[in-house]
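One letter stands for each residue in the lines below.
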Amino acid sequence: MAEAIQKKLKAEVEKYTQTQKDVSKSVSARQKLETQMAENNIVKEELDLLDSSNTVFKLIGPVLVKQDLDEAKATVAKRLEYINGEIQRYETLLKDYHKKSEQQREVLTSLQQDLQKAQGLTPGKIWLTRLQRHKSGKSGESH
């Protein structure tokens, strides 16, 4: 019985670890989007200071091309709208990952308790040992 619980515990730890990796990737992506949002807000503020007598250029590859001010403002506004939508999408994704992570923690705790009961060990010892092994990459088993 203990072996079956150990296998299930190992699989759940791997799922939990993957979820944490997904959270990390999503946080990183959201941070990049927030940086892009800040940069585009600066561009928008600068464009708002201009009037129709000013000349606006757009960098296309190695060439600066003249662009209409209203067109430039519209492009930046669309970019900001898109970035904001992506940030909202990542926020929702992160909430889902955190919920999933909490559920996985509960399953892991339950499995750990079941395993301890099956082996008659003191609470916490197995979980800490397995978590430490998993983090250090030493599972004690050959793959």
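Residues numbered from 1 in each chain as written. Predicted model: local features only at pLDDT ≥ 70, side-chain atom pairs only at ≥ 80, totals over all residues. Heavy atoms only, no water.

The next subject is the pairing of strand S2 (residues 63-67). Summarising the sheet, strand S1 (residues 56-60) and S2 pair through five bridges and their orientation is antiparallel. Note that in S2 the partner of Leu59 across the bridge is Leu64. Between S1 and the antiparallel strand that follows it, S2, lie two residues; Gly61 among them carries a positive phi value of about 65°. (Pairing = 2+ DSSP bridges. Helix = DSSP H or I, 4+ residues; strand = E, 2+ residues; numbered from the N terminus.)

Gaps between atoms show up when a probe of the same size as a water molecule is rolled over them. Estimated volume of the second largest pocket: approximately 160 Å³. Every residue lining the second largest pocket is listed: Val43, Glu46, Leu47, Val56, Phe57, Lys58, Gln67, Ala72, Thr75, Val76 and Arg79. Looking at the lining of the second largest pocket, the elements with two or more residues in it are helix H1 (2-48), S1 and helix H2 (69-119). A total of four residues in the lining of the second largest pocket trace back to one element, the largest contributor, which is H2. Here the lining of the second largest pocket is built from residues that sort into six nonpolar, two polar and three charged. (1 Å grid on protein atoms, 1.4 Å probe; cavity = no way out; pocket = protein on both sides within 12 Å on 5 of 7 lines; lining within 4 Å. Points joined across faces, edges and corners; volume = space filled by probe spheres on them. Nonpolar A, V, L, I, M, F, W, Y, C, P; charged D, E, K, R; others polar.)

Together, Phe57, Leu59 and Leu64 make up a nonpolar patch on the protein surface, roughly 350 Å² of accessible area in all. Tracing the sequence through the fold places Leu59 in strand S1. Judged by relative accessible area, which is 58%, Leu59 ranks as exposed. (Patch = residues over 30% accessible without salt bridge, like charges linked within 9 Å, V, L, I, M, F, W, Y side chains within 5 Å. Areas by Shrake-Rupley, 256 points an atom, 1.4 Å probe, with all protein chains shown as cover. Salt bridge = Lys/Arg side-chain N within 4 Å of Asp/Glu carboxyl O. Buried < 20%, exposed > 50% of the residue type's maximum accessible area, 1.4 Å probe, protein only.)

The predicted model of the chain averages 87 in pLDDT, with 83% of residues at 70 or higher. Here helix H3 (residues 125-136) stands out as the least confident element of the chain, with mean pLDDT 63; S2 is the most confident, with 96. (pLDDT = per-residue confidence, 0-100.)

Counted by the stated rule, this structure contains six salt bridges. A salt bridge links Arg89 to Glu86; the nearest nitrogen and oxygen atoms lie 3.1 Å apart. With Arg89 and Glu86 both in helix H2, this residue pair falls three residues apart, about one helical turn. Residue class for Arg89 comes out partly exposed when judged on its relative accessible area of 43%. Between Glu102 and Arg105 there is a salt bridge; the shortest N-O distance is 2.8 Å. Placement of the pair is Glu102 and Arg105 together in helix H2, with a separation of three residues, close to one helical turn. For Glu102, a relative accessible area of 36% puts it in the partly exposed group. Overlapping salt bridges bring together Arg30, Glu34 and Glu91 as one network.

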